[in-house]
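Residue strings, one per chain:
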Amino acid sequence: LAVAHVLYCIATFALGRLKMRKWRAWEDETKTIEYQFYNDPERFRFARETSFGRRHLHFWSKSPLLLWIVCFFRQFFSSVAKVDYLTLRHGFMMAHLTPENQKNFDFQIYINRAVDKDFKVVVGISPALWLFTVLYFLTTTDGLYSYLWVPFVPLIIILLVGTKLQMIITEMGVRISERGDIVKGVPVVETGDHLFWFNRPGLVLFLVNFVLFQNAFQVAFFVWSWWKFDFPSCFHKNAADLAIRLTMGVIIQVHCSYVTLPLYALVTQMGSSMKPIIFGDNVATALRSWHH
């Protein structure tokens, strides 16, 4: 189980970082003259006519039901759009950085450091995850047909997480329009923990951790039972069980890597506070020495 979990986490974060590599070009674009001219801070525009407004301000954005439906399907198509990255980047800098520090700030490097920090959490196995393992064994009994519903639990969770993260981006766009129809310069999104479930951005990380662990557990249990009791055995007598577990494992792996992780890496930076990795290694070392 430990080997499977570590390998799944490494694969997920490696594929996610591969998907996030294109953000480097977006970050470099913010240093160009064209970007600064188009996003002139003295320029007035209608909120709905900005690129961010055209993407998120529609008739469905104020209907909770339609918003859930649209955001559910949006995560499958361009989960992190260029305009979302640039707008959230601007909102983060306006909330946490002084104007002097905004010019040289690299948001993409900051996100990469945050993802590296979160990887140390996700690769761990908490008592809550061990509790799930015990509950899984209790449900793997004849008559409960656990293979028909247990593998779908992490899929449902990861889809709900992706939908919620998309909704947060749209809700920030709606609040821009509620402050006024006219915006000056780049639309400024308001950050805050209230955007997340129970005001806890860290809950999203726990759910990602749970999904990866459960996915690894399915594979580990399959390999262990094969090695321990040979193949076929009572653990593998149902072909549908094997097909569902292996198929769900692949689907969840791909979706979590290419959709959920990039979304999580970007949107969770919109909490009320910035993470300690905002400081470079040298500054962090100096602060720790000073504190000591």
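As annotated in an unreviewed UniProt entry, the protein chain is MLO1 from Solanum melongena. Within the UniProt record for the protein chain, the comment given under Subcellular location (unreviewed entry) is "Membrane". Among the UniProt annotations of the protein chain, the heading Sequence similarities (unreviewed entry) holds the following wording: "Belongs to the MLO family."

A. Region of the structure containing the packing of aromatic side chains. Within this structure, the stated rule accounts for 19 aromatic pairs. Judged by centre distance (6.2 Å) and plane angle (75 degrees), the rings of Trp 130 and Phe 213 are edge-to-face. Here the residue Trp 130 occupies a position in helix H9 (residues 127–139), and Phe 213 occupies one in helix H11 (residues 202–229), the gap between them amounting to 83 residues. Judged by its relative accessible area of 0%, Phe 213 falls in the buried class. Centre to centre, the rings of Phe 222 and Trp 226 are 5.5 Å apart; their planes meet at 65 degrees, and the pair counts as edge-to-face.

B. Structural detail: the UniProt feature "transmembrane region" (unreviewed entry) in the protein chain. The positions UniProt marks with the feature "transmembrane region" (unreviewed entry) are residues 119–138, 144–162, 203–227 and 247–267. Along residues 119–138 the backbone is 80% helical and 0% strand, and the end-to-end C-alpha distance reaches 30 Å. For residues 247–267, the end-to-end C-alpha separation is 29 Å, with 100% helix and 0% strand making up the annotated structure.

C. Expanded view of the pattern of salt bridges. Applying the stated rule across the entire model yields 8 salt bridges. With a shortest N-O distance of 3.0 Å, Glu 27 and Arg 89 are connected by a salt bridge. In this pair, Glu 27 is assigned in helix H2 (residues 23–29) and Arg 89 in helix H6 (residues 82–96), connecting sequence segments 62 residues apart. Note on accessibility: Glu 27 and Arg 89 belong to one class, buried. One salt bridge connects Glu 29 with Lys 82, and the closest N-O pair in it is separated by 2.6 Å. Taken together, the residues Glu 29 in helix H2 and Lys 82 in helix H6 connect sequence positions 53 residues apart. A relative accessible area of 27% means that Glu 29 is categorised as partly exposed.

D. The layout of surface pockets, seen in detail. A volume near 520 Å³ is recorded for the largest pocket. Lining the largest pocket we find 17 residues, and of these Tyr 35, Asn 39, His 90, Met 93 and Gln 102 sit closest to its centre. For the lining of the largest pocket, the elements supplying multiple residues, two or more each, are helix H3 (33–38), H6 and helix H7 (99–102). The leading source of residues in the lining of the largest pocket is H6, at 4 residues. Per-class residue counts for the lining of the largest pocket are 7 nonpolar, 6 polar and 4 charged.

E. Seen up close, empty space enclosed by the protein. Counted according to the given criterion, the structure contains 1 cavity of 30 Å³ or more. In terms of lining residues, the largest cavity is bounded by Ala 47, Thr 50, Phe 52, Gly 53, Leu 57, Gly 173, Ile 176 and Pro 187. Listed by contribution, the elements that provide at least two residues to the lining of the largest cavity are helix H4 (51–56) and helix H10 (152–179). A breakdown of the residues in the lining of the largest cavity according to their chemical character gives 5 nonpolar, 3 polar and no charged.

F. Region of interest: the packing of H9 against H11. For the pair H9 and H11, the least separation of the axes is 11 Å and the interaxial angle reads 40 degrees. Comparing their axes, H11 and H9 come out oblique. Of the two possible hands of crossing, H9 and H11 adopt the one that is right-handed. Along the contact surface, H9 presents Ala 128, Leu 129, Phe 132, Thr 133, Tyr 136 and Phe 137, while H11 presents Phe 206, Asn 209, Phe 210, Phe 213, Gln 214, Phe 217, Gln 218 and Phe 221.

About the criteria used
Residues numbered from 1 in each chain as written. Predicted model: local features only at pLDDT ≥ 70, side-chain atom pairs only at ≥ 80, totals over all residues. Heavy atoms only, no water. UniProt positions renumbered as here; feature names shortened; annotations may be inferred. Phe/Tyr/Trp six-rings, centres within 6.5 Å; stacked < 30°, edge-to-face > 60°. Helix = DSSP H or I, 4+ residues; strand = E, 2+ residues; numbered from the N terminus. Buried < 20%, exposed > 50% of the residue type's maximum accessible area, 1.4 Å probe, protein only. Salt bridge = Lys/Arg side-chain N within 4 Å of Asp/Glu carboxyl O. 1 Å grid on protein atoms, 1.4 Å probe; cavity = no way out; pocket = protein on both sides within 12 Å on 5 of 7 lines; lining within 4 Å. Points joined across faces, edges and corners; volume = space filled by probe spheres on them. Nonpolar A, V, L, I, M, F, W, Y, C, P; charged D, E, K, R; others polar. Axes fitted to C-alpha atoms, helices over the stretch in contact; angles between N-to-C directions. Parallel < 35°, antiparallel > 145°, perpendicular 65-115°, else oblique. Left-handed = near helix turned anticlockwise from the far one by under 90°. Contact = heavy atoms within 4.5 Å.

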